[in-house]
Amino acid sequence: MRLLFFPILGFSRAKLQQRLAGKTGLITGASYSIGECLAESLADTGAHLLLVARTAEKLRQVRQRVEAKGGRADVLPCDLRNPAEVDALLHQLSGRVDVFVSNAGKSIHRSIFDSLHRMHDFTRTMNLNYVGPVQLMLGLIPGLVARQGQVINISAVNVLLIPAPKWAAYQASKTAFDQWFRSVALELNAQGVSTTSIYLPLVRTRMIKPTKAYNDMPAMLPEQVAQLICRAIISRRRTYAPWWLMAGQLASVIGRWPWEVILGHRRKSRT
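Residues numbered from 1 in each chain as written. Predicted model: local features only at pLDDT ≥ 70, side-chain atom pairs only at ≥ 80, totals over all residues. Heavy atoms only, no water.

Considerations on the pairing of strand β2 (residues 48-53)
Thought 1: Counting buried positions along β2 yields 6 of 6 residues, so the element is predominantly enclosed.
Thought 2: Side chains H48, L50 and V52 of β2 all project onto a buried face; the interleaved residues L49, L51 and A53 project onto the opposite face, where all are buried too.
Thought 3: Sheet topology places strand β1 (residues 24-28) next to β2; 5 bridges connect them, and they run parallel. The partner of T28 across the bridge, within β2, is V52. (Buried < 20%, exposed > 50% of the residue type's maximum accessible area, 1.4 Å probe, protein only. Helix = DSSP H or I, 4+ residues; strand = E, 2+ residues; numbered from the N terminus. Pairing = 2+ DSSP bridges.)

Given below as structure tokens:
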């Protein structure tokens, strides 16, 4: 299955350990799926891991698994949707982050007609996927520059494709941070901070479970994504995306008009 997305996921553990020994890594969304797998993958690197998510108990379980592998991790519960909690988190971090993996995110698949009285669908998604990460980055940047660090944004291929119906809240919020990150990346790179955008296809996480249409669709596993992030830490490449993304972008543009025509005909046939 991984050949459909990222044919090469392997990495040198020796090089990863060399890169991270004595460093501090911050992982948001560390309590489940990708973040959880990444924390375990980095346990034996000699890095001090800072695990961030809302659920303290789940974070403690991840920390136990990291420590069982000889690693070191601290639990830092924080709701990135809450500016006061993000400020408190930044105060705890005190600019000591070398590698920041921005992984926390929220997905929502809902028709706009089912969201007319659900403004919170948009505010919560935007706060977690865009506002929170921006606030966190603003506080981390001085330390990242001083330590010549790295930022890895876990993005999605959706942000580079034509928008799809029922994904307005999710796609707008993910695109917002992707555009922000790609813009500031140029300035950060000039100051010695490495930036990496990883554009993921569908990943088999709890986030996609409510969307039944995804049950039989090809998807990556969280463990595979963790391998890809480890590879990115070593290479410091600016972008990782599925090999077929450019063809997918072209197809999404060319296919948009026929798709809209078909939907239009269906709508007329029902009236």
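Notes on the side chain of D79
Thought 1: Examined against the element boundaries, D79 turns out to sit in the loop between β3 (72-77) and α4 (83-93).
Thought 2: Other than its neighbours up to four places away in sequence, D79 contacts R54, E85 and V86. (Contact = heavy atoms within 4.5 Å.)

Remarks on the environment of L136
Thought 1: Note that L136 resides in helix α5 (residues 119-146).
Thought 2: Residue classification places L136 among the buried positions, given a relative accessible area of 0%.
Thought 3: Each C-alpha atom of the pair L136 and V86 lies 6.6 Å from the other, and the pair is 50 residues apart in sequence.
Thought 4: Other than its neighbours up to four places away in sequence, L136 contacts L26, T28, L80, V86, L89, L90, L93 and F100.

As for the sheet that holds β1
Thought 1: In spatial order, the strands read β3-β2-β1-β4-β5-β6-β7; together these 7 strands make up an open sheet with parallel pairing. Either end of the sheet is taken by a strand with one partner, and the two such strands are β3 and β7 (239-240).
Thought 2: The sheet contacts of helix α3 (residues 56-68) involve β2 and β3, and relative to β3 the element is tilted by about 175°.
Thought 3: Against the sheet, α4 engages β1, β2 and β3, with an angle of about 155° to β3. (Axes fitted to C-alpha atoms, helices over the stretch in contact; angles between N-to-C directions.)

What about the packing of aromatic side chains?
Each aromatic ring pair is described using two quantities: the centre-to-centre distance and the angle formed by the ring planes.
Thought 1: Under the criterion given, the structure shown has 4 aromatic pairs.
Thought 2: With centroids separated by 5.9 Å and ring planes inclined at 65°, the aromatic side chains of W167 and Y170 adopt a geometry described as edge-to-face. As far as burial versus exposure is concerned, W167 and Y170 are alike and both buried.
Thought 3: Within the aromatic cluster, the residues linked to one another by ring pairs are F177, W180 and F181.
Thought 4: Note that K58 overlies the ring of Y32, its terminal NZ or CZ placed 4.8 Å from the centroid.
Thought 5: Positioned above the aromatic ring of Y240 is the side chain of R237, whose terminal nitrogen or guanidinium carbon lies 3.9 Å from the ring centre. (Phe/Tyr/Trp six-rings, centres within 6.5 Å; stacked < 30°, edge-to-face > 60°. Lys NZ or Arg CZ within 6 Å of the ring centre and 35° of its normal.)

A word on unusual backbone geometry
Thought 1: Of note in this structure, S94 is not a glycine but carries a positive phi near 50°.
Thought 2: Within the secondary structure layout, S94 lies in the loop between α4 and β4 (99-102).
Thought 3: Since its relative accessible area comes to 57%, S94 is described here as exposed.
Thought 4: A positive phi is found at K166, a non-glycine position, where the angle reads about 75°.
Thought 5: Among the structural elements, K166 can be located in the loop between β5 (150-156) and α6 (168-190).
Thought 6: Accessibility expressed as a relative area gives 46% for K166, which makes it partly exposed.

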